[in-house]
Amino acid sequence: VQLQASGGGLVQAGGSLRLSCAASGRTFSRYTVGWFRQAQAKEREFVAAITRSIGRTYYADSVKGRFTISRDNAKNTVYLQMSSLKPEDTAVYYCEANEAIIQSSIRNVGEYDYWGQGTLVTVSS
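Residues numbered from 1 in each chain as written. Predicted model: local features only at pLDDT ≥ 70, side-chain atom pairs only at ≥ 80, totals over all residues. Heavy atoms only, no water.

(A) Just the sheet that holds strand S7 (residues 67-72), in detail. Read across the sheet, four strands follow the order S1-S3-S8-S7 without closing on themselves; strand pairing throughout is antiparallel. Among the strands making up the open sheet, the edge pair consists of strand S1 (2-6) and S7. Sheet twist, expressed as the average angle between the axes of neighbouring strands with direction ignored, equals 15°. Alignment of S7 against strand S8 (residues 77-82), held across six bridges, turns out to be antiparallel. In the strand pairing of S8, Thr68 is matched with Gln81. (Pairing = 2+ DSSP bridges. Helix = DSSP H or I, 4+ residues; strand = E, 2+ residues; numbered from the N terminus. Axes fitted to C-alpha atoms, helices over the stretch in contact; angles between N-to-C directions.)

Set out below in structure tokens:
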């Protein structure tokens, strides 16, 4: 599966953005999709994920209550709605996919088999 993240940009603190992860190549509904981010000079970290079947969602504590992950399998797209953005949310955001990831690994960096180019989110103070 090929993934393409989009929707990043420059936004003021407190603002909102919606990121999209468009997939092509295979049946997207079969994949658990995660969003990860990497700030400059920092390691990549988990942000949110949505499972392939029932669409169960997972969030990092740092974004819980502010970000919402959702998917539209008919459009082969996963969204990350980001609200109440903070300067510390500034990072390159990546979407990643895995067809058979286990629940205990969903939040782990490096456990996903497919990823695409990221999209830059910059939050100004």
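Additional details are given in the paragraphs that follow.
(B) Representation of the pairing of strand S11 (residues 119-124) within the structure. Every second residue of S11 is oriented toward a common face, the buried set being Thr119, Val121 and Val123 and the non-buried set Leu120, Thr122 and Ser124. The pairing of strand S9 (residues 91-98) with S11 spans three bridges and is antiparallel. Across the sheet, the residue bridging to Val92 is Leu120, located in S11. (Buried < 20%, exposed > 50% of the residue type's maximum accessible area, 1.4 Å probe, protein only.)

(C) How the structure looks around the environment of Ala97. Its place among the elements puts Ala97 in strand S9. Classification of Ala97 as buried rests on a relative accessible area of 0%. C-alpha separation for the pair Ala97 and Gln2, spaced 95 residues apart in sequence, amounts to 9.2 Å. Apart from residues no more than four positions distant in its own chain, Ala97 is found in contact with Val1, Leu3, Tyr31, Thr32, Val33, Tyr112, Asp113 and Tyr114. (Contact = heavy atoms within 4.5 Å.)

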